[in-house]
Amino acid sequence: MIPELGHFALIVALLLALTQAILPLYGAQRGNLTLMSVARPAAQGQFVFVAIAFGCLAYSFLTNDFSVENVARNSFSQLPEIYRFTATWGSHEGSMLLWALILGFWTTAVSVFSRHLPDDMVARVIGIMGLISSGFLAFLLTTSNPFLRLLPAAADGRDMNPLLQDPGMVIHPPMLYMGYVGFSVAFAFAIAALLSGRLDAAWARWSRPWTTVAWAFLTFGIGLGSWWAYNELGWGGWWFWDPTENASFMPWLAGTALIHSLAVTEKRGAFKAWTVLLALTAFSLSLLGTFLVRSGVLSSVHAFATDPARGAFILGFLVVVIGGSLALFAWRAPKMLTGGRFTWFSREALLLSNNVVLLAALGTVLLGTLYPLLLDALGMGKISVGAPYFNAVFVPVIAPALFLMGIGPLARWKEASLPDMVARLKWALAISVATGLLLPLTLKGFNPWATLGFTLSVWIALTVLIGFRERLKHGGRLNSLPRGFWGMQLAHLGMAWGVAGITLVANYQQEHDVRMNVGDHTQLAGYTFTFQGTTERPGPNYRAARGTVEVSQNGKKLFVLHPEKRIYNASGMPMTEAAINYNFFRDIYVALGEPLDDQATTWVVRIFHKPFINWLWIGALFMAIGGFLAASDRRYRIAVKALVPGNTAVQGA
């Protein structure tokens, strides 16, 4: 009865989502407070019923109910309990139910924390989110029902994809979806503002904290995904420019541009058209990522769906949402009035330049991701676009944005003085360039990419320090600085830290693939690795050959690593489980390849020395914390009803 209850809960949730969408939007158009008041209870009720459905699916996985087709295809009686729970979203159907659950959570959060907003704005925002929920719930019920029965019931399951049986996957998908789906709030605010004609600084202030929180979640989720790939895939890489990785990276780039554009719209009343378009773009790219991953057009370790009906549904939904929103924007945009004026060198101009560069970088990723799919769809052959393209094209394009990151926060609004800026930043620029030129010479010799990376990371870090110094110089105290300032600077410092880590690991990592018999040793980066053979070790749902590799330096034993080669019982799928010795300054990474003899005494062993790789994830963590901190700024916790203008004429652009 539990699966039937879950299915019934989804039907009720769909009915509530339609109610949440239709009645409040109609009421806002007609000025009917009774209909507008339906928005909050309908949204909260919809979330409750989606949560019930999610709980029913999780219960089915935890109790090994193999009469549910989804459970039989994606779980196994020997699967550890924690992974039986994460298998709830490890399938296509479950992941879409998680999407609907998180969308309901965001909608409920808006309904709870929007008491200070005008009734018609709240009704429109919640109504738009109800339309999105209706689309995803209809998709679940028509093409991706997670509660379909399997008669007769399977004796056991096929097991969860072994790649997903990792602690990182416990929190990576929910965090990623919190960011993905969170951009629906910015999208809903933008559509509501277009519908009402109220495109002003107040709208930007209402939307900005929601957008910043979504961006912070997406940053954290992408960082977790990179860490998972590094730990789980056994290749020693942390970013592969996989199309599914790009599907999350593109909304992040658009979201980064959006939070900067919102700052200008809130502070100066400018960039209104830019801000609305970026809000539409960020969520549209989230939907595009959903289409790419769930339609089956991608072949990826992350992609689940292969049913053409699902792809057709998502593509149709994508066309309706993106096409409709862009048509509305095209209708309203010409009526928008310009906002505050600024000179060619000002904070506004620098932020505008930053956004142009970010969108250009986004274009390179979008082209590299979609162009092979387009060629294949047109029958023009298959091509592969990988890391060489992205590294050669994306890195030079994004570099100016990293440079502007140091200048923008220090420039004045409306009009800044270029000579004054040069005087304030000349030493920071000199130190950054000197570091970029000299530091590679102390390592492996001159390297232009290393020089660029070191220069930019030091530049961003020094300008963050200058920002604090100038605030304190004008009478401020550290504990009196607003959270928005702290959050911005922490996020920028995280970017500097991440760029330094990327530069070091990309240019100075060392690797060695070597044939090793018991007792053999090899050297890498000043360390000696001695292979002491393998032993058989049973796991809960797999059997493993567990290697033992002793690592020493200058004749002194440092530590022992135990990489594994696993064979999963249900699927027979082999998996490499790397062994990593973590360190703030470097990682030692060892993975077993394949046995080279029948006795499994000789193996291919892959060894990596990865300098400062953990700085990547430290930087991502700092950026995410900075986002959360900025969103908690005091000015967003104060009622802003007084900011709402009396007339509803379009005031935008």
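Since we're looking at a predicted model, the values are computed, not measured.

### Digging into the pattern of salt bridges
When the charged atoms of two side chains with opposite charge come close together, those side chains can pair.
Next up, step 1: Per the counting criterion, the structure on display carries 17 salt bridges.
Next up, step 2: Notably, a salt bridge pairs Arg 149 with Glu 4, separated by 3.0 Å at the nearest N-O pair. Placement of the pair is Arg 149 in the loop between helix H7 (119-143) and helix H8 (168-196) and Glu 4 in helix H1 (residues 2-30), with a sequence separation of 145 residues.
Next up, step 3: For the salt bridge of Asp 65 with Arg 149, the shortest nitrogen-to-oxygen distance reads 3.7 Å. Here Asp 65 is found in the loop between helix H3 (39-62) and helix H4 (69-74), whereas its partner Arg 149 is found in the loop between H7 and H8, with 84 residues between them in sequence.
Next up, step 4: Put simply, Arg 537, Arg 546, Glu 564, Arg 566 and Glu 577 are held in one network by salt bridges that share partners.

### Some points on the environment of Thr 63
Next up, step 1: Considering the arrangement of structural elements, one finds Thr 63 in the loop between H3 and H4.
Next up, step 2: Under the relative-accessibility criterion, Thr 63 is labelled partly exposed at 40%.
Next up, step 3: Distance in space between the C-alpha atoms of Thr 63 and Phe 85 is 9.9 Å, their sequence separation being 22 residues.

### Details of unusual backbone geometry
Next up, step 1: The omega angle of the peptide bond from Leu 151 to Pro 152 is -5°, so this bond is cis rather than trans.
Next up, step 2: Mapping Pro 152 onto the fold places it in the loop between H7 and H8.
Next up, step 3: The backbone of Ala 525 shows a phi angle near 55°, a positive value even though the residue is not glycine.
Next up, step 4: When you line up the elements, Ala 525 lands in the loop between strand S2 (521-524) and strand S3 (527-538).

### As for the nonpolar core
Next up, step 1: One finds Trp 106, Leu 137, Phe 189, Trp 203 and Trp 252 to be the most contacted residues of the largest nonpolar core, which totals 152 residues.
Next up, step 2: Of the residues forming this core, the biggest block, 18 residues, is contributed by H8.
Next up, step 3: When near neighbours in sequence (up to four residues on either side) are disregarded, Trp 106 contacts Met 129, Met 178, Val 181, Gly 182, Val 185, Trp 210, Val 213, Ala 214 and Phe 217.
Next up, step 4: Phe 529, Val 551, Ala 579 and Val 605 belong to the second largest nonpolar core, which has 18 residues in total.

### Structural notes on the domain arrangement of the protein chain
Think of interface size as the accessible area that goes away when the parts come together; that is how it is often given.
Next up, step 1: You can read the domains of the protein chain as domain 1 (1-165), domain 2 (191-407) and domain 3 (510-611).
Next up, step 2: Relative placement of domain 1 and domain 2: their C-alpha centres are 25 Å apart.
Next up, step 3: Taken together, the contacts link 33 residues of domain 1 with 28 residues of domain 2.
Next up, step 4: Overall, the association of domain 1 and domain 2 removes approximately 2,400 Å² of surface from exposure, summing both partners, and the carbon and sulfur fraction of that is 77%.
Next up, step 5: If you sort the residues of domain 1 by the area they bury against domain 2, Trp 106, Met 121 and Leu 163 come out on top, with a joint share of 24%.
Next up, step 6: The interface formed by domain 1 and domain 2 contains zero salt bridges.
Next up, step 7: At the junction of domain 1 with domain 2, the criterion picks out one residue pair in polar contact (both at pLDDT 80 or more).
Next up, step 8: When residues of the side of domain 1 that touches domain 2 are traced back to their parent elements, those giving at least two are helix H6 (92-112) and H7.

Reading the values: rules and limits
- Residues numbered from 1 in each chain as written.
- Predicted model: local features only at pLDDT ≥ 70, side-chain atom pairs only at ≥ 80, totals over all residues.
- Heavy atoms only, no water.
- Salt bridge = Lys/Arg side-chain N within 4 Å of Asp/Glu carboxyl O.
- Helix = DSSP H or I, 4+ residues; strand = E, 2+ residues; numbered from the N terminus.
- Buried < 20%, exposed > 50% of the residue type's maximum accessible area, 1.4 Å probe, protein only.
- Core = buried A, V, L, I, M, F, W, Y, C linked by side-chain atoms within 4.5 Å.
- Contact = heavy atoms within 4.5 Å.
- Domains from an automatic or database assignment.
- Buried area = accessible area lost by both parts, 1.4 Å probe.
- Polar contact = N/O pair within 3.5 Å; in protein donor to acceptor, adjacent residues only side chain to side chain.

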